[in-house]
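Observations on chain architecture
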Amino acid sequence: MNMCLKYFFSAIKPPVFILITVLLYLPSGLYAENNKAILIGISQYADPDLNDLAYADEDVKTFEVVLKNFSEEKNFNITLLLNDRAKKADILKVIMDAVKESQKKPLDNFLLVYAGHGIPGNIQSNKTNSFLAPHDSVLNEFFREGNSGMINNETFINKAWLVKQLSSINAKSVIMILDSCYSGTKDFGALYAENYGFKLAFTDNQGNKRGVAIVQKGSGMDFGDKKIAFIASSKEGQQSAEYKDLKHGALSYAIFEYLNIIRKETEANEIKDITIDGIFTNVNKLFETIQVGGVSLAAVHQPVLFTIPEDSGVKNMKFMSVRGIKKPRIKTGIVEIITDPDAAEIY
């Protein structure tokens with residue numbers, strides 16, 4: 001099922017409605033580390049003009065289960081906001097509180113999950129900084145910002161504000177994942193990169209590296225050893241989908257499916273590290289092979305990756321670690337014991 005709708009407001013009637021999931025994952029496996037997780041999932045909206053979603057909150061709740069039960073990164077604090085508990089004021093507060101806390105006590109890893117409605121960077125040639133839709137967002141309150149050609153909606157979460165807050169998080173590593181229509185929008189990625197003094201460029205489709213964005217260092221602040229990875233479910237001109245058969249958004253499902261594959265292939269007494277490059281490459285493969293109604297996920301949209309500082313420096317960063325559930329293979333053989341009075345031999 002397509003996650004995008006059409007909505008209309010004064011003088012502008014573009015198809016812009018999308019489901020967005022933002023996920024930042026925990027790449028470190030040290031139990032002593034200081035990790036923070038904010039999980040936000042909105043399937044139910046107060047405004048009747050905003051259609052309710054089927055699996056946005058389920059995506060978020062499943063990630064919580066994965067973090068608590070499947071991953072080896074267990075030492076982090078989780079804040080969970082679902083549906084009517086995810087109003088704009090609620091979301092702003094938990095994010096700003098996380099920034100303040102990280103300034104006092106630096107984080108090793110920061111995780112943010114957002115699942116709900118949002119809008120693309122351009123609506124019929126009109127740029128907008130409005131980005132994510134809280135539970136109490138109002139659809140018909142879009143307005144034009146003077147003669148700037150920009151349109152915005154104060155009831156949505158502002159794109160520039162979100163970038164500023166995420167950039168202010170004092171954490172060694174941040175991984176962001178958006179499962180949404182137009183989630184690979186260049187202006188959000190560029191805004192994030194430029195905030196650190198980097199420039200963003202998107203590649204053409206090339207095998208498993210489809211849509212990978214290369215970030216090159218420009219003038220700006222000292223980035224230090226901080227690492228950021230951003231994975232989106234679709235290019236900025238593509239719609240994304242959630243499926244009844246999968247009970248998830250496409251990207252979320254592919255991530256969960258790959259983690260389950262790794263767990264089943266890894267013996268129960270072993271721990272498997274999954275890198276950014278590993279998760280992105282294999283999610284792409286699953287997009288090609290998983291079909292719903294005879295149509296592959298890749299026929300609808302393809303994931304996008306960009307990293308800061310550059311792909312080569314972050315691709316081997318750990319996405320997460322999982323413990324295997326595969327039962328060890330029992331080896332069979334014959335034991336022969338000879339109890340001769342003169343000697344004893346065992347074969």
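Numbers given to residues run from 1 along each chain, matching the order in which its sequence is written. In keeping with the predicted nature of the model, local features appear solely for residues at pLDDT of at least 70, side-chain atom pairs appear and are counted solely at 80 or more, and the whole-chain, interface and lining totals rest on all residues. Side-chain numbers here rest on the full set of heavy atoms in the structure, without hydrogens or water.

**Regarding the packing of aromatic side chains**
To be explicit about the condition: Two rings from Phe, Tyr or Trp (for Trp, the six-membered ring) form a pair when their centres are within 6.5 Å of each other. A pair whose planes differ by under 30 degrees is stacked, one over 60 is edge-to-face, and the rest are tilted. Each helix corresponds to a stretch of at least 4 residues labelled H or I by DSSP, and each strand to a stretch of at least 2 residues labelled E; elements are numbered beginning at the N terminus. Only when the NZ atom of a Lys or the CZ atom of an Arg is both within 6 Å of the ring centre and within 35 degrees of the ring normal do we say a charge sits over the ring.
With the rule as written, the count across this model stands at 7 aromatic pairs. Between Phe-188 and Phe-230, the ring centres sit 5.7 Å apart and the planes meet at 45°, which makes this aromatic pair tilted. Taken together, the residues span a long stretch of sequence, with Phe-188 in helix α4 (residues 186–195) and Phe-230 in strand β14 (residues 227–232) at a distance of 42 residues. Here the aromatic residues Phe-131, Phe-188, Tyr-192, Tyr-196, Phe-230 and Phe-306 are joined through ring pairs into a cluster of three or more. Just above the ring of Phe-70 sits the side chain of Arg-263; from NZ or CZ to the centre is 3.8 Å.

**As for unusual backbone geometry**
Our working rule: Under the scheme applied here, a residue whose accessible area is under 20% of the maximum for its type counts as buried, over 50% as exposed, and between as partly exposed, the area being computed with a 1.4 Å probe on protein chains only.
Here the residue pair Ile-308 and Pro-309 is connected by a cis peptide bond, since its omega of 15° sits within 30 degrees of zero. Note on placement: Pro-309 falls in the loop between β20 (304–308) and α7 (311–314). Here the phi dihedral of Asn-83 falls at roughly 50°; this positive angle occurs in a residue that is not glycine. Looking at where Asn-83 falls in the secondary structure, it is placed in the loop between β3 (76–82) and α2 (88–104). Look at Asn-83 and you get buried, because its relative accessible area is 9%. A positive phi angle, near 60°, is found at Lys-247, a position not held by glycine. Relative to the assigned elements, Lys-247 resides in the loop between β15 (242–243) and β16 (248–249).

**Considering the pairing of β20**
Rules: Any two strands are treated as partners once DSSP identifies two or more bridges connecting them.
Counting buried positions over the 5 residues of β20 gives 5, a clear majority of the element. Burial of the side chains of β20 extends over both faces: Val-304, Phe-306 and Ile-308 are buried on one face and Leu-305 and Thr-307 on the other. Inspection of the sheet shows β14 paired to β20 by 5 bridges, in the antiparallel sense. What sits directly across from Ala-229, in β20, is Thr-307.

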